[in-house]
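# Reading the structure
Residues per chain, in single letters:
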Amino acid sequence: LTGVLDDCLCDIESIDDFNTFKIFPKIQKLQERDYFRYYKVNLKRPCPFWADDGHCSIKDCHVEPCPESKIPVGIKAGSSNKYSKAANNSKELEDCEQANKLGAVNRTLSNQSKEAFIDWARYDDSQDHFCELDDERSPDAQYVDLLLNPERYTGYKGPSAWRVWNSIYEENCFKPRSVYRPLNPLAPSRGGLEFVCLFSWTGLCLEKRVFYKLISGLHASINLHLCANYLLEETWGKPRWGPNVKEFTRRFDPVETKGEGPRRLKNLYFLYLIELRALSKVAPYFERSVVDLYTGNGHEDAESKALLLDIFRDTKSFHMHFDEKSMFAGDKKGAKSLKEEFRLHFKNISRIMDCVGCDKCRLWGKLQTQGLGTALKILFSEKEIQSLPENSPSKGFQLTRQEIVALINAFGR
């Protein structure tokens, strides 16, 4: 890929250089820190749109939750305030141990622990959410160590996976009214013509183009990680993972995809720019002394925040951001209506992620969707962020730990 991205004043080469030499090494280090490696997720929420077609039975689809005893004390402590700087003298707990078998799921959580987790579930204004959030107080919500459950190809494919993405594109992506949806290949044939969905930008405003590109970019990101970390073979019960060039070619080569592949990859760059812009915009929130990345280990927390602020400085140094001010800039009534439509479409996509049959795929789908939703929330809250008080939490704009973890890990992807 070369050249300038549509709807941006940015070229691909500049993004590559900036990411490779400045952002990627630091974001990778940040993801390895305790505050960012543990993500709470409910993988048992039922699909709200169609009857469950059964979970993937492939062992590599399963997720290994963390034993309650391994979660850093500051993350699970019900009595700790996320803004608190109170000293905690307990030793840092061990990291989650590598599971002997990928399919082994440890579901032990004490009642006391379930009660303690409630502290992280607070949020001031549910109307601000771009995502359907998991109920963190649910007994089914569990902490997962993201480093032990990497995003990769597990064997999950076929009608179930097709239906999830088809629903996301066909039911949620803004499209011109003149474009027909393709008939569901899983449904019995009704006879007559089957329309192919031809996408055109004709009649689509900037906001709707942006929405489609974000979803396409998210899809490309997930597919890239599946190709890069593919289950190549399994001998004597030992899986071997690695890049699958043939699969990458099938999904992205211009000839194989009738020209669509390069566009998908460009949308991934566009998604990167949107989330990069969100990081630069949210920096003032974290620059306040009152905000801590609290895990209970004062030294590690200080290092994590210093690294995060260093990344924010880098994001601000990039001069070719996507300018979100051009979005929703029409008449106030029309802009407000379109923004709400935008939010509801995206929230619906986050609900569709509960229909993914593979637990590991569902985990990363939910995390990346929440991360992108958090980025959008930030971009539409610039005034609230700029007016935050220095020495006290603000009701005008807040991020939960879940949103922070999702934002950083989604951008890391």
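None of the values given here were measured: they were computed from a predicted structure. (Residues numbered from 1 in each chain as written. Predicted model: local features only at pLDDT ≥ 70, side-chain atom pairs only at ≥ 80, totals over all residues. Heavy atoms only, no water.)

### Things to note about the environment of Thr-315
Counted only if it meets this: Secondary structure counts use DSSP, requiring at least four H or I residues in a row for a helix and at least two E residues in a row for a strand, with both numbered from the N terminus. Relative accessibility thresholds used throughout: buried, under 20% of the residue-type maximum; exposed, over 50%; partly exposed, between the two (1.4 Å probe, protein chains only). Note on contacts: a residue pair qualifies if any of its non-hydrogen atoms lie within 4.5 Å across the two residues. For this analysis, a polar contact is any N or O atom pair within 3.5 Å, provided that within protein one partner can donate a hydrogen and the other can accept it, and provided that sequence-adjacent residues contribute only side-chain to side-chain pairs.
Its location among the elements puts Thr-315 in helix α9 (residues 298–317). The exposure class of Thr-315 is buried, given its relative accessible area of 0%. Discounting chain neighbours no more than four positions away, the residues touching Thr-315 are Phe-18, Ile-23, Leu-276, Leu-279, Ser-280 and His-321. Among the polar contacts listed, one links the side chain of Thr-315 to the backbone oxygen of Phe-312, at a separation of 2.6 Å.

### Things to note about the pairing of strand β1 (residues 38–42)
Condition: At least two bridges found by DSSP between two strands is the condition for calling them paired.
When you tally the buried positions in β1, you get 5 out of 5 residues, the bulk of the element. Burial along β1 is two-sided: the residues Tyr-38, Lys-40 and Asn-42 and Tyr-39 and Val-41 are all buried. Here β1 pairs with strand β2 (residues 141–145) via 5 bridges, running antiparallel. Looking at the pairing, Lys-40 lines up with Tyr-143 of β2.

### Here's the deal with helix α13 (residues 401–412)
Quick note on the threshold: Expected span of a helix: the number of residues minus one, times 1.5 Å.
Over its 12 residues, α13 extends 16 Å from the first C-alpha to the last, a length consistent with the 16 Å expected when each residue adds 1.5 Å. The buried fraction of α13 is high, at 12 of 12 residues. Regarding α13, the residues found buried are Arg-401, Gln-402, Glu-403, Ile-404, Val-405, Ala-406, Leu-407, Ile-408, Asn-409, Ala-410, Phe-411 and Gly-412.

### Comments concerning the UniProt feature "active site" (unreviewed entry) in the protein
Put simply, the rule reads: UniProt positions are given in the numbering used here, feature names are shortened, and annotations may be inferred rather than shown by experiment.
Those residues carrying the UniProt feature "active site" (unreviewed entry) are Cys-358 and Cys-361 in this numbering. Mapping Cys-358 onto the fold places it in the loop between α10 (332–352) and α11 (359–379). Under the relative-accessibility criterion, Cys-358 is labelled buried at 0%. Assignment of secondary structure puts Cys-361 in helix α11.

### Quick notes on the UniProt feature "binding site: FAD" (unreviewed entry) in the protein
The feature "binding site: FAD" (unreviewed entry), as given by UniProt, occupies Arg-152, Thr-154, Trp-165, Ser-216, His-219 and Arg-251 in the numbering adopted here. By secondary structure assignment, the location of Ser-216 is in helix α6 (residues 206–228). Excluding residues within four positions of it along the chain, Ser-216 makes contact with Tyr-169, Arg-264 and Asn-267.

### Things to note about the packing of α10 against α11
What counts, and what does not: Every axis in this analysis is a line fitted to C-alpha atoms, fitted for helices over the stretch in contact. Angles between the N-to-C directions lie between 0 and 180 degrees. Here is the rule for angles: anything less than 35 degrees is roughly parallel, anything more than 145 is roughly antiparallel, 65 through 115 is roughly perpendicular, and the remaining ranges are oblique. Put simply, a crossing is left-handed when the front helix is turned counterclockwise from the back one by less than a right angle, and right-handed when it is turned clockwise. Any residue that is not Ala, Val, Leu, Ile, Met, Phe, Trp, Tyr, Cys, Pro, Asp, Glu, Lys or Arg is counted as polar, Gly included; the first ten are nonpolar and the last four charged.
Two elements in contact, α10 and α11, have axes separated by 10 Å at closest approach and are oriented at 165 degrees. Relative to α11, the element α10 is oriented roughly antiparallel. Of the two elements, α10 crosses α11, and the hand of that crossing is left-handed. Residues Phe-342, Phe-346, Ile-349 and Ser-350 of α10 pack against Thr-369, Leu-372, Gly-373 and Leu-376 of α11. Split by residue class, the contact of α10 with α11 holds 5 nonpolar, 3 polar and no charged.

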